[in-house]
Amino acid sequence: MPDVTAHLPWLAEYPWLSMLLGVSALLLAAWAADCITRRVLLAAITRAVKSSPFTWDDALLERGVINRVAHVLPALVLYSGVAWLPQLPALLVSLTRNVSVAYIVLTLALALGKLLSTLNEHYERRDPERARARPIKGYIQLLQLVLYIVAGVLMLSALIDRSPLLLLSGLGAMTAVLLIVFRDTLLSLVAGIQLSSHDMLRVGDWIEMPQLHADGDVIDITLHTVKVQNWDRTITTIPTHRLIGESFRNWRGMSESGGRRIKRALRIDQTSVRFLGDDERERLRRFALIDDYLARKKGELEVWNARLLAEGKDPVNTRRVTNLGTFRAYVEAWLRAHPHIHPKMTLLVRQLEPGPTGLPLEIYCFTSTTDWAAYESIQGDIFDHLLAVLPAFDLRLFQEPTGADWRRLGAVAGV
């Protein structure tokens, strides 16, 4: 900037006025640069972006990346113009230049941080399925953290007017402190890499982690935390590294298989289990699902028992059909014919070890849907039917005596 006192010699008598005019001119130039950038350059860029067929540049505009970069020009004007003001003290010139550099570094760091966030958003919008399976949000946050640390070092070195290498050389003595400060970040980074590389967790997965009271859908995966929306609509935030250090259940396999397991037992009163007579077998043949079973059993037992009697064995050794075995065959046939039971997955009707609460007859099968509401409805319909049909086989469920049972017993006894 030329010395205005050469053209206006009277200003030499008022150095403070000359300095004031120079500072005012510099601030006016910075303001003009800011106005030109915002009202002309940004307006032109905005129109070009909106008319562009691409979507990524719209994201840059929405995220404010371009707007952040626009703040650099006024700082550059101050940085360059302050050197043309000889009236200013050297300390003030140095301070202005240092603050301008620090501001430029901060502005560019924030713009790059916004750019990284925009890349993550573009990745999630372009391929949502891949983004859920391989989220990069944690890596983006790590890059942003490194970026802000580097920017902080450069800003500090600019403000104190020292080389950044001098500051970095002192970090060696602070390694232990940094490891303590960034312990969770390092653990979360390693955990995030393992979760992603082994495909252990995706956004949308249903997970259970009882020790942290988490039971619901994963809605967000970041560098430090994983957010789970529980079924009661509360949000549980889990540190990422705890998903590697502790166990959790992921229900994704169930969802992808297309079937959800039913595993529940009917507890049969063991005193109601008995052999069936011939007339009872014939009566039960009205159940079409076990007609073939009873006919096959009848033929099999007749051959077996005829051989025993021919050998002179006592009739007590003969085999007979039980009401529990017949009921078990009916349940299995009924489940196989059920339209909402998965035909290609395991289906078992088995007896478990008897106990003081009865003989457990366990139903083990899979529904053909994984929808929670539909699954509960199907399971309820199945056991509604089995409980209702149980007396037809002259079987009873075990149930501990209640007040009504004692009153009935008292009425019978005349008490």
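Residues numbered from 1 in each chain as written. Predicted model: local features only at pLDDT ≥ 70, side-chain atom pairs only at ≥ 80, totals over all residues. Heavy atoms only, no water.

## Some remarks on the overall build of the protein chain
Logical step 1: Looking only at helices and strands, the protein chain features 17 helices and eight strands.
Logical step 2: Here the protein chain holds 415 residues, and the buried ones make up 33% of them.
Logical step 3: Taking the contacts inside the protein chain whose residues are at least 6 apart along the sequence as the reference set, 64% of them involve residues at least 24 apart.
Logical step 4: Accessible surface, the protein chain: about 24,900 Å² in total, of which carbon and sulfur atoms supply 62%. (Helix = DSSP H or I, 4+ residues; strand = E, 2+ residues; numbered from the N terminus. Buried < 20%, exposed > 50% of the residue type's maximum accessible area, 1.4 Å probe, protein only. Contact = heavy atoms within 4.5 Å. Areas by Shrake-Rupley, 256 points an atom, 1.4 Å probe, with all protein chains shown as cover.)

## Things to note about the sheet that holds strand S2 (residues 214-221)
Logical step 1: Spatial ordering of the open sheet is given by S4-S3-S2-S1-S5, a layout of five strands whose pairing is antiparallel. Each having just a single partner strand, strand S4 (235-239) and strand S5 (249-250) make up the two edges of the open sheet.
Logical step 2: As defined by bridge partners, strand S1 (residues 206-209) adjoins S2 across four bridges and the pair is classed as antiparallel. Bridging across to S2, Met 209 finds its partner in Ala 214. (Pairing = 2+ DSSP bridges.)

## So, the confidence of the model for the protein chain
Logical step 1: Confidence in the prediction for the protein chain averages 80 pLDDT; 81% of positions are at 70 or higher.
Logical step 2: Per-element confidence in the protein chain is highest for strand S8 (residues 359-367), whose mean pLDDT is 95, and lowest for helix H2 (residues 56-63), whose mean pLDDT is 65.
Logical step 3: The low-confidence segment residues 4-8, where pLDDT is below 50, has five contacts with residues more than four positions distant or belonging to other chains. (pLDDT = per-residue confidence, 0-100.)

## Points about the pattern of salt bridges
Logical step 1: Inspection of every chain in the model, using the stated rule, returns nine salt bridges.
Logical step 2: Taking the shortest distance from any N to any O, the salt bridge between Asp 269 and Arg 396 comes out at 3.4 Å. Pair noted here: Asp 269 is in the loop between strand S6 (260-268) and helix H13 (278-284) and Arg 396 is in the loop between helix H16 (372-389) and helix H17 (403-413), with a separation of 127 residues, a long-range link.
Logical step 3: Look at Arg 396 and you get partly exposed, because its relative accessible area is 42%.
Logical step 4: Within this structure, Lys 263, Arg 350 and Glu 362 form a network of salt bridges that share partners. (Salt bridge = Lys/Arg side-chain N within 4 Å of Asp/Glu carboxyl O.)

## Here we look at helix H15 (residues 323-336)
Logical step 1: When the terminal C-alpha atoms of H15 are compared, their 20 Å separation across 14 residues agrees well with the 20 Å that a helix rising 1.5 Å per residue should span.
Logical step 2: Most of H15 sits inside the fold, with ten of its 14 residues counted as buried.
Logical step 3: When H15 is considered as a whole, its buried residues turn out to be Asn 323, Leu 324, Gly 325, Thr 326, Phe 327, Ala 329, Tyr 330, Val 331, Trp 334 and Leu 335. (Expected span 1.5 Å × (residues − 1).)

## Structural notes on a nonpolar patch on the surface
Logical step 1: Where nonpolar side chains cluster on the molecular surface, the patch consists of Leu 92, Leu 95, Val 99, Leu 156, Leu 159 and Ile 160 and spans about 500 Å² of accessible area.
Logical step 2: Elements with a contribution of two residues or more to the nonpolar patch: helix H5 (90-126) and helix H7 (137-159).
Logical step 3: The biggest single contributor to the nonpolar patch is H5, with three residues.
Logical step 4: Relative to the helices and strands, Leu 95 resides in helix H5.
Logical step 5: With relative accessibility at 46%, the residue Leu 95 sits in the partly exposed group. (Patch = residues over 30% accessible without salt bridge, like charges linked within 9 Å, V, L, I, M, F, W, Y side chains within 5 Å.)

## Thoughts on the pairing of S8
Logical step 1: Within S8, nine of the nine residues are buried, which leaves it mostly tucked inside the rest of the structure.
Logical step 2: As judged from the nine bridges shared by S6 and S8, these two strands associate in the antiparallel manner. Counted as the bridge partner of Arg 264 is Ile 363 from S8.
Logical step 3: With four bridges joining them, strand S7 (residues 348-351) and S8 adopt antiparallel strand pairing.

## A closer look at empty space enclosed by the protein
Logical step 1: A full pass over the atoms with the stated rule returns one cavity of 30 Å³ or more.
Logical step 2: Lining of the largest cavity is provided by 16 residues; of these, Pro 135, Gly 138, Gly 192, Ser 196 and Ile 221 occupy positions nearest its centre.
Logical step 3: The greatest single-element share of the lining of the largest cavity, amounting to six residues, is contributed by helix H10 (residues 183-197).
Logical step 4: When its residues are assigned to classes, the lining of the largest cavity shows nine nonpolar, six polar and one charged. (1 Å grid on protein atoms, 1.4 Å probe; cavity = no way out; pocket = protein on both sides within 12 Å on 5 of 7 lines; lining within 4 Å. Points joined across faces, edges and corners; volume = space filled by probe spheres on them. Nonpolar A, V, L, I, M, F, W, Y, C, P; charged D, E, K, R; others polar.)

## A short note on the packing of aromatic side chains
Logical step 1: Applying the stated criterion across every chain yields a total of eight aromatic pairs.
Logical step 2: Here the aromatic rings of Trp 231 and Trp 372 are separated by 5.3 Å at their centres, their planes lie at 55°, and the arrangement is tilted. Highlighted residues: Trp 231 in the loop between strand S3 (225-230) and S4 and Trp 372 in helix H16, separated in sequence by 141 residues.
Logical step 3: Residue class for Trp 231 comes out partly exposed when judged on its relative accessible area of 32%.
Logical step 4: A relative accessible area of 43% places Trp 372 in the partly exposed class.
Logical step 5: Here Arg 260 stacks its cationic end above the ring of Tyr 375, 4.4 Å away from the centre of that ring. (Phe/Tyr/Trp six-rings, centres within 6.5 Å; stacked < 30°, edge-to-face > 60°. Lys NZ or Arg CZ within 6 Å of the ring centre and 35° of its normal.)

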